[in-house]
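Results of the structural survey
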Amino acid sequence: MVGTFYAVRLPESSAADINRLSDDFAFEPMSIAMPAGYEKKEVRKVNKAYQHIEAWISSVGAGIAVNDLDGDGLPNDLCVNDPRIDQAVITPAPTRGDAYKPFALDPAPLGASTTMAPMGCMPGDYDEDGRTDVLVYYWGRTPVIFLNKGEKGAPLTRASFTATELLPGKSGKRYTGPLWNSNTAAVADFDGDGHDDIYIGNYFPDSPVLDPSKDGDVTMNDSLSHAQNGGGGHFFRWTKDGYEKTDDVIPQGLNNGWSLGVSAADLDGDRLPEVFLAHDFGTSALLHNVSEPGKIRFSEVKAEHSGTVPKSKELGRSSFKGMGVDFGDLNHDGLFDMFVSNITTSFGIQESNFAFINEAGSKAELQGRFKQGVAPYRDESSDLRLAWSGWGWDVKMGDFDNNGDLEITQALGFVKGKNNRWPQLQELATANDALTANPLWWPNVKHGDDLAGSQRMRFFAKDPESGAYHNLSVKLGLGEPVPTRGLATGDVDGDGRLDLAVARQWGEPVFYHNTAKNPGAYVGLKLTHPDGAPVVGAEVCVELPDGTQRIARLDGGGGHSGKRSTDVHIGLGKDVRDEELPAMITWRDRAGDVHEQKLKLKPGWHSLELGTEAKEK
């Protein structure tokens, strides 16, 4: 038995490895100011059919976004979704002190109700006026776009934002529209017309989840591995008259998943972003973009079935609990890879995370494979020591020490309490799928119960000697035993070091100011259209003196409930000095035309206006 234990136990990093890698990182934890006057709660009121699983139903909703909302040129404004007060709050990054007073976004004069709760914020320039607006998605109503009408450089207030419906409906003080239960969102130019579109991913189907006056008319997932009775997703195409909901965008069998995460990136070089849908209870999918201007459309691509790889580890066939996703080039081959969060708790639910590494030799080859319906990605999470962490949620990659390698941050943990509910959940995990859709058959997970409640977020750093990753979160002071949900990155003070904002479920949000003493060089880019809006989807490739390349994209927003800033940040390593480096920038202009331009970029921040050509501002 002892031998078996040592043979199957999960790999652990040595103290020597952790200490060696930690020397390049340092973070200062800082409190995030929140508005006063709101009564704080510890669990939500829910539909009577869910009362015995009220903590489970209350396990999401902590979100955070980093961006420049006041136009001062820095992404030093936060949007925090706090489930303790069920408000979406605008507040300055703590590095700014009391630049303005934090305030909650008010959907008035639009309809509201006591049975709605914000789940995430997604900054973006939705009216293309050069000011950053905020889209908030909810449980209990359709999303609201808060248009930024504030004066550039002036302190933000609640009056700076005007609430508008994403999906127009009935007017009135009380909300009476569709009961969407949204848990994720993404912004990208899906159809290639030069304007940003919106994806909203729903978890529960339209139903009164948070209405304690109702008893029923709700459901749980109809399977623990292939659920297809969820809320699915909705695409909104930009038009000059506003956003237009568009249907029949993805294969029908994928449109009823339980959406928890989504991310978009152009993987095959055609300047149309692919999309990864992270669906809880299986059915996660990679979608190849086959859109044309005015028509958004995707086809599914899957890994080739292999007798040597378990089906559960194959892209497009996994039955795991997709919780979050992000794109990044982990092996410096100029192609984006993927990290997908799942539930990976030993003696609980032991799945694995996915580190899907792109095996194509070029973007052209990848494009050809996509057209054949094949996704040439292989999960290498085990070899990279990224497979096991805990009950995963949001994930964000970024180069926090500017050494040229991406670190991976991952939110973990579920419900914090005193009564261990793992045995009951394990019983459910072996139950017949015919039972799982009915909430009656779910085991108690009430206020005070615990499931993975003391798990610590992860900060994975790559070992330059072995190529494997080590978790440094505890050593760096990031690993508090509190459930975390949303992660957002951005260089809030313009010093070239990525900072990290973390949303905690039923806990105080926290900001980690990057104070690394000896980081490498970096290139930072603010890429905007002539109208001032960020050029979502623009890609930057920088060639280092040793001939290797570093790539990054302007992410319009994606993941679970955390949204990074719309700046591009690329670490260059400590060997690069104040020298010009060859770079290629690729983007799509407002007319939908694709442009590529070679530039020479010195380390540091650059502001470029991307029209028919790139111009330094």
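Fair warning: this is a prediction, and the values are worked out from it, not measured in the lab.

1. A few points about the overall build of the protein chain
If you tally the helices and strands in the protein chain, you get six helices and 39 strands. Here the C-alpha atoms of the protein chain give a radius of gyration of 23 Å, agreeing with the 25 Å that 2.2 N^0.38 yields for 617 residues. Along the longest, intermediate and shortest principal axes, the C-alpha atoms of the protein chain span 65 × 65 × 50 Å. Here the protein chain, with 617 residues, has 62% of them falling under the buried criterion. Summarising the internal contacts of the protein chain: among those between residues at least 6 apart in sequence, 64% fall at separations of at least 24. Of the roughly 23000 Å² of accessible surface on the protein chain, 49% is carried by carbon and sulfur atoms.

2. Observations regarding the state of the cysteines
One covalent bond between the sulfur atoms of two cysteine residues makes up a disulfide. By the definition in use, this model includes one disulfide. Two residues, cysteine 79 and cysteine 121, share a disulfide whose sulfurs are 2.0 Å apart. Within this pair, whereas cysteine 79 is found in strand β3 (residues 77-82), its partner cysteine 121 is found in strand β6 (residues 117-124), the two being separated by 42 residues in sequence. Taking relative accessible area as the criterion, cysteine 79 reaches 1% and is therefore assigned buried.

3. Quick notes on the packing of aromatic side chains
The final tally for this structure, using the stated rule, is 26 aromatic pairs. Between tryptophan 180 and phenylalanine 236 the ring centres are 6.2 Å apart and the planes differ by 50 degrees, which places this aromatic pair in the tilted class. One end of the pair, tryptophan 180, is in the loop between β9 (161-165) and β10 (182-188); the other, phenylalanine 236, is in strand β12 (residues 232-239), and 56 residues separate them in sequence. Summarising the burial analysis for this pair, tryptophan 180 and phenylalanine 236 share the class buried. Of the aromatic side chains, those joined through ring pairs into one cluster are Tyr50, Trp139, Tyr203, Phe204, Trp258 and Phe281.

4. Concerning the sheet that holds strand β32 (residues 539-543)
The strand order β33-β32-β36-β37 describes an open sheet built from four strands, whose pairing is antiparallel. Two strands lie at the open edges of the sheet, namely β33 (549-553) and β37 (594-601), each paired on one side alone. Adjacent strand axes in the sheet meet at a mean angle of 15 degrees when their direction is disregarded.

5. Some details on the sheet that holds strand β13 (residues 242-246)
In spatial order, the strands read β10-β11-β12-β13; together these four strands make up an open sheet with antiparallel pairing. Looking at which strands have only one partner, the edges of the open sheet turn out to be β10 and β13. Pairs of neighbouring strands in the sheet enclose a mean axial angle of 25 degrees, with direction left out of account. Examined bridge by bridge, strand β11 (residues 197-202) and β12 share five bridges and lie antiparallel to one another. Opposite isoleucine 200, over in β12, you have histidine 234 as the bridge partner.

6. So, the UniProt feature "domain: ASPIC/UnbV" (unreviewed entry) in the protein chain
Residues given the UniProt feature "domain: ASPIC/UnbV" (unreviewed entry) here are residues 536-590. The span residues 536-590 shows a helical share of 0% and a strand share of 47%, and its end C-alpha atoms are spaced 11 Å apart.

7. A short note on the pairing of β6
Within β6, eight of the eight residues are buried, which leaves it mostly tucked inside the rest of the structure. Sheet topology places β6 next to strand β7 (residues 133-139); seven bridges connect them, and they run antiparallel. Looking across to β7, one finds that proline 118 is bridged to tyrosine 138.

8. Considering the pattern of salt bridges
Within this structure, the stated rule accounts for 36 salt bridges. For aspartate 17, the salt bridge goes to arginine 20, with nearest N and O atoms at 2.8 Å. Within this pair, aspartate 17 and its partner arginine 20 are both found in helix α2 (residues 15-22), separated by three residues, close to a single helical turn. Note on aspartate 17: relative accessible area 22%, which makes it partly exposed. Classification of arginine 20 as partly exposed rests on a relative accessible area of 29%. In this structure, lysine 40 and glutamate 508 form a salt bridge, with 3.7 Å as the shortest nitrogen-oxygen distance. Here lysine 40, found in the loop between β1 (27-31) and α3 (54-57), pairs with glutamate 508, found in the loop between β29 (499-504) and β30 (510-514); they are 468 residues apart in sequence, far enough to count as distant.

9. With respect to a nonpolar patch on the surface
On the surface, Leu435, Leu440 and Trp441 cluster together to form a nonpolar patch covering roughly 340 Å² of accessible area. On the basis of relative accessibility, which here comes to 51%, the residue tryptophan 441 falls in the exposed class.

10. Observations concerning the pairing of strand β8 (residues 144-148)
Most of β8 is tucked away, with five of its five residues classed as buried. Alternating residues of β8 divide into Val144, Phe146 and Asn148 and Ile145 and Leu147, and every residue in both groups is buried. The pairing of β7 with β8 spans three bridges and is antiparallel. Residue pairing for β8: leucine 135 is matched across the bridge by isoleucine 145. Between β7 and the antiparallel strand that follows it, β8, lie four residues; glycine 140 among them carries a positive phi value of about 95 degrees.

11. Things to note about the nonpolar core
Formed by 69 residues in total, the largest nonpolar core has its most connected members in Trp56, Ile57, Ile198 and Trp391. For isoleucine 57, the residues in contact, after removing those within four places along its chain, are Arg44, Val46, Tyr50, Trp139, Phe204, Val209, Leu210 and Met220. Counting residues in each nonpolar core, the second largest holds 25 residues, with Ala521, Leu527, Ile585 and Ala614 among its members.

12. Overview of the side chain of histidine 595
Along the polypeptide, histidine 595 turns up in strand β37. In this structure the side chain of histidine 595 is engaged in a polar contact, spanning 2.7 Å, whose partner is the side chain of aspartate 589. Filtering out sequence-adjacent residues up to four positions away, histidine 595 remains in contact with Ile585, Thr586, Trp587, Asp589, Gly611 and Thr612.

13. Examining α2
Considered for burial, the residues of α2 that qualify are Ile18, Leu21 and Ser22. All buried residues of α2 lie within an arc of 100 degrees about the axis, which places them on one face of the element. The inward-facing, buried residues of α2 contact β26 (458-462) and β27 (469-471).

Thresholds, definitions, all that
- Counting of residues starts from 1 at the beginning of each chain's written sequence and follows it residue by residue.
- In view of the model being predicted, local features appear only for residues whose pLDDT reaches at least 70, and side-chain atom pairs are presented and counted only at 80 or more, with totals across whole chains, interfaces and linings using the full set of residues.
- By convention in this description, side-chain values take in all heavy atoms of the structure and omit both hydrogens and water.
- Runs of H or I in DSSP of at least four residues are treated as helices and runs of E of at least two as strands, each being numbered from the N terminus.
- Atoms counted for the radius of gyration: C-alpha only. Globule rule: 2.2 Å times the number of residues to the power 0.38.
- Partly exposed residues are those whose accessible area sits between 20% and 50% of the maximum for their type, while under 20% is buried and over 50% is exposed, using a 1.4 Å probe and protein chains only.
- In what follows, residue pairs with any heavy atoms lying within 4.5 Å of each other are defined as contacts.
- Each accessible area is a Shrake-Rupley result for a 1.4 Å probe, and residues are judged covered by the shown protein chains and nothing else.
- Cysteine sulfur atoms that pair up within 2.5 Å are treated as a disulfide.
- Ring geometry is summarised as follows: Phe, Tyr and Trp rings, the Trp one being its six-membered ring, pair when their centres sit within 6.5 Å, and such pairs are stacked at plane angles under 30 degrees, edge-to-face over 60 and tilted between the two.
- One requirement defines pairing of two strands: DSSP has to find at least two bridges between them.
- Axes here refer to lines fitted to C-alpha atoms; in helices the fit is confined to the stretch in contact. Angles between the N-to-C directions go from 0 to 180 degrees.
- UniProt positions are given in the numbering used here, feature names are shortened, and annotations may be inferred rather than shown by experiment.
- Salt bridges are counted wherever a side-chain nitrogen of Lys or Arg sits within 4 Å of a carboxyl oxygen of Asp or Glu.
- Any residue with relative accessible area above 30% and no salt bridge may belong to a patch, with like charges joined within 9 Å and the nonpolar Val, Leu, Ile, Met, Phe, Trp and Tyr side chains within 5 Å.
- Buried Ala, Val, Leu, Ile, Met, Phe, Trp, Tyr and Cys residues form a nonpolar core when they are joined through side-chain atoms within 4.5 Å.
- Whenever two N or O atoms come within 3.5 Å, that pair is a polar contact, provided that in protein one can donate a hydrogen and the other can accept it, and provided that, for residues adjacent in sequence, both atoms are side-chain atoms.
- As used here, the arc belongs to the directions running from the helix axis to the C-beta atoms.

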